[in-house]
Amino acid sequence: MDTIFGVPTQALFGQLLIGLINGSFYALLSLGLAVIFGLLNIINFTHGAQYMMGAFCAWFLLNKLGVGYWWALAIAPVAVGAFGVLIERLMIRHLYQLDHLYGLLLTFGLALIIQGLFRNEFGSAGLPYQVPAELAGGQNLGFMFLPKYRAWVIVASLVVCMATWFVIEKTKLGSYLRAGTENPQLVQAFGVNVPRMITLTYGFGVGLAALAGVMAAPIYQVNPLMGGDLIIVVFAVVVIGGMGSILGAILTGFGLGVIEGLTKVFYPEASNTVIFIVMAIVLMIKPAGLFGTQK
Amino acid sequence: MGLKKTLLAAAVAAAVGGTAHAQISDGVIKIGVLNDMSGLYADIAGPGSVVAARMAVEDFGAAKKGMKVEIVSADHQNKPDVGSAVVRQWYDVDKVDAVFDVPTSSVALAVSEITRQKGKAFLVSGAATADLTGKACSPNTIHWTYDTWMLANGTGNAIVKTGGDTWFFITADYAFGHALERDTEAVVLKSGGKVLGKVRHPFPGTDFSSFLLQAQASKAKIIGLANAGGDTINSIKQAAEFGIVKGGQHLAGLLVFITDIHGLGLETAQGLIFTETFYWDLNDQTRAFTKRFAAANGGKYPSMVQAGVYSSVLHYLKAIEAAKTDDGTKVIAKMKELPTDDPLFGKGRVRQDGRKIHPAYLVEVKKPSESKGPYDYYKILATIPAEQAFRPEKEGGCPLVK
């Protein structure tokens, strides 16, 4: 069998694919963060908690109401998004005029409170959530066994990422949004309700986190800590991609998933550090991130 | 998360009246429960351990005996530096006499060293590394509930005997994982098995599919999971997803707790074989304890770690009563002298190397159809007698053993 640095090529293909799967979660989560930061200038540290809430929402729907995975994909983002809208209306909007740091502190505090409440109620071992029957099982690709569910995650994540990018960069609605962040007064003068637009944008970003949460539920345990563990990595992804750059967040998400996957083969001990090493190197060369523009 | 945690001071005062023993420092016996209150081990130990300690104080009847016992607790976040800082503060400023529980081997090793320097008492329930009673043993430390040697011996032996003779390890990359992997590997090799490979994952981890794929490629019959808590749960869950068990390979959870099985659900966990030293459904006494415990712990049943905290607090207080002092070194010596006896672990003793011994149970997780409901999870396959369950005293390399 052919080998690359002592690792069979076949095994390497498997690892690349796994990297892409993890990358699709990074991409979905960092996309939400990038949308919120790009359009609201808020560093949303509650993102991990909102992702966790999405997963819990799916669990509740299934176990308390008998509503399955596919409906959860639609309901959880709306429900958690509505919660996001509430937070934005009641708290975050008072901070737009202040330094980034205040938004960061508020959202970080909220994240701790939400996680703490869930942990108190559900413990840290988490709750089981089965893969939906339609996507159970998998396909033997020759070089690896690919669970159908993971294949679905890649496809779904790509579609959502591309659709979001398209809406924001290529449609009229997207142009209002971008204009609204550049010069809110002027856009308002044209009769656009900017505060409402911003609220809904935050709700949308939060909804994306919840969607990722629902998709993660069958793979990882539905666990109060699931978001806290992931959010730091996702922030690194956003920073590497360039704060606020939608395309940057998507591409870096997938790219770093693959880099992390390869590290797990060649030097597994470093697999949770490698992303930060990449971050340090990128920031030294391009301080605004790979796709960011210096303001 | 790295924010400073407030020390949750849960004071359980016993007697108000009654004269304090002259030899008890400050007239109060102060117990510190240190563990993971919020992370991936919080269900195994966490606030439940504090509940267990409180129950032990009540059952000992401290109030009636005129002893004043206070319990404080803190979160070490599974970080040795955080744990060390808390324990130094407890010993130096807060006048804590003994530290209990401390899961996460790296933290426990650090606390053991500090306890020895300060001449206090350390009763480990949560941590696993057998080094605590081996090369790192201390006259101020007793290792209570289980250890890596016992797990390896119980589970490893049973699996190799039934034909699982080629192994691949997925190991948590810190002191505990290394010790568990080392001890299990020794058992496998000794019984004529082979280790085909190993991979060390960062702690804590989230996605194990990459490591599972490597294990799958190794074609080993047994994939040994040398990790714990949330890491084990996710490994088992994702192994099912990648069709590893269907493909003919078997998982050996080297350290599995009842809370993990509760989290996984029987559908995924059925058929797992592992070793525990406590199960709530052993006899009338364990069932009675569990009923009280669950009522005080939000309906959650006790893990063996929490049961160990109860048992060790009880024996610690008995030793203080007998020794009439709370001096750490003297109390530990007294604990080794007195035979142990409690409703949860039965009769046992503490050896010179600080190892507390009691029987261990090889268990198999029931099928969903065999279970009567939540927490009815185990079939007991074998009981390993106390004297055989743990590493022989002479083999550990502990300098205290002459």
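The notes below deal with the structure included here. Bear in mind that the values here come from a model prediction, so they are computed numbers and not experimental data. (Residues numbered from 1 in each chain as written. Chains lettered and ligands numbered in written order. Predicted model: local features only at pLDDT ≥ 70, side-chain atom pairs only at ≥ 80, totals over all residues. Heavy atoms only, no water.)

Side note on the sheet that holds strand S13 (residues 356-357) of chain B
All names here are of chain B.
Argument step 1. Pairing in this open sheet of three strands is antiparallel, and the strands run S11-S12-S13 from one edge to the other. Strand pairing shows two members of the sheet lacking a second neighbour, strand S11 (340-342) and S13, which therefore form its edges.
Argument step 2. As defined by bridge partners, strand S12 (residues 346-350) adjoins S13 across two bridges and the pair is classed as antiparallel. Note that in S13 the partner of Arg 349 across the bridge is Ile 357. (Pairing = 2+ DSSP bridges. Helix = DSSP H or I, 4+ residues; strand = E, 2+ residues; numbered from the N terminus.)

What to know about the packing of aromatic side chains
Argument step 1. All chains considered together, the criterion is met by 28 aromatic pairs over all chains.
Argument step 2. The ring of Phe60(B) carries the charged tip of Lys65(B) above its face, separated from the ring centre by 3.9 Å. (Phe/Tyr/Trp six-rings, centres within 6.5 Å; stacked < 30°, edge-to-face > 60°. Lys NZ or Arg CZ within 6 Å of the ring centre and 35° of its normal.)

Brief notes about the interface of chain A and chain B
Argument step 1. Facing 36 residues of chain A, the contacting portion of chain B comprises 34 residues.
Argument step 2. Buried area between chain A and chain B, summed over both chains or domains, comes out near 2900 Å², and the portion from carbon and sulfur atoms is 57%.
Argument step 3. On the surface where chain A and chain B come into contact, there are two salt bridges.
Argument step 4. We note a salt bridge from Asp207(B) to Arg150(A), for which the minimum N-O separation is 3.2 Å.
Argument step 5. The interface formed by chain A and chain B holds 10 residue pairs in polar contact (both at pLDDT 80 or more) in total.
Argument step 6. Broken down by secondary-structure element, the contributors of at least two residues to the side of chain A that touches chain B are helix H1 (9-40), helix H4 (100-122), strand S4 (145-147), helix H9 (226-241) and helix H10 (246-266) of chain A.
Argument step 7. The leading source of residues in the side of chain A that touches chain B is H4(A), at five residues.
Argument step 8. By residue class, the composition of the side of chain A that touches chain B is 19 nonpolar, 13 polar and four charged. (Contact = heavy atoms within 4.5 Å. Buried area = accessible area lost by both parts, 1.4 Å probe. Salt bridge = Lys/Arg side-chain N within 4 Å of Asp/Glu carboxyl O. Polar contact = N/O pair within 3.5 Å; in protein donor to acceptor, adjacent residues only side chain to side chain. Nonpolar A, V, L, I, M, F, W, Y, C, P; charged D, E, K, R; others polar.)

Let's talk about empty space enclosed by the protein
Argument step 1. Tallied over the full model, the rule gives five cavities of 30 Å³ or more.
Argument step 2. Within this model, the largest cavity holds a volume of roughly 80 Å³.
Argument step 3. Taken together, the residues of the lining of the largest cavity sort by class into 12 nonpolar, three polar and no charged.
Argument step 4. Formed jointly, the lining of the largest cavity draws a minimum of three residues from each of two domains, domain 1 (25-146 + 282-358) and domain 2 (149-276 + 360-389) of chain B.
Argument step 5. Reported here for the second largest cavity is a volume of approximately 40 Å³.
Argument step 6. As for the second largest cavity, its lining consists of Leu33(A), Phe37(A), Ile42(A), Ile43(A), Asn44(A), Phe235(A), Val238(A) and Met243(A).
Argument step 7. Taken together, the elements giving at least two residues each to the lining of the second largest cavity come down to H1 and H9 of chain A.
Argument step 8. Among the residues making up the lining of the second largest cavity, the classes are represented as seven nonpolar, one polar and no charged. (1 Å grid on protein atoms, 1.4 Å probe; cavity = no way out; pocket = protein on both sides within 12 Å on 5 of 7 lines; lining within 4 Å. Points joined across faces, edges and corners; volume = space filled by probe spheres on them. Domains from an automatic or database assignment.)

Thoughts on the sheet that holds strand S5 (residues 141-143) of chain B
All names here are of chain B.
Argument step 1. The five strands lie next to each other as S2-S1-S3-S4-S5, forming an open sheet whose pairing is parallel. A strand with exactly one partner marks an edge of an open sheet, and here the two such strands are strand S2 (69-75) and S5. On average, each strand axis in the sheet is tilted by 20° relative to the strand beside it, whichever way the strands run.
Argument step 2. One ladder, built from three bridges, connects strand S4 (residues 121-124) with S5; its direction is parallel. Following the sheet pairing, Phe 122 is matched in S5 by Thr 141. (Axes fitted to C-alpha atoms, helices over the stretch in contact; angles between N-to-C directions.)

Thoughts on the pattern of salt bridges
Residue and element names in this part refer to chain B.
Argument step 1. According to the stated counting rule, one finds 24 salt bridges over all chains in the structure shown.
Argument step 2. Its salt-bridge partner being Glu 181, residue Arg 200 comes within 3.0 Å of it at the nearest N-O pair. Within this pair, whereas Arg 200 is found in strand S7 (residues 194-201), its partner Glu 181 is found in helix H5 (residues 175-190), the two being separated by 19 residues in sequence.
Argument step 3. Using a relative accessible area of 2% as the deciding quantity, one classes Glu 181 as buried.
Argument step 4. Among the salt bridges present, the one from Asp 183 reaches Arg 182, with a minimum N-O distance of 3.1 Å.
Argument step 5. Relative accessible area serves as the criterion here: at 8%, Asp 183 is assigned to the buried category. (Buried < 20%, exposed > 50% of the residue type's maximum accessible area, 1.4 Å probe, protein only.)

Notes on the side chain of Ser84(B)
Argument step 1. Note that Ser84(B) resides in helix H2 (residues 80-92).
Argument step 2. Setting aside chain neighbours within four positions, we find Ser84(B) in contact with Ala110(B) and Ile114(B).

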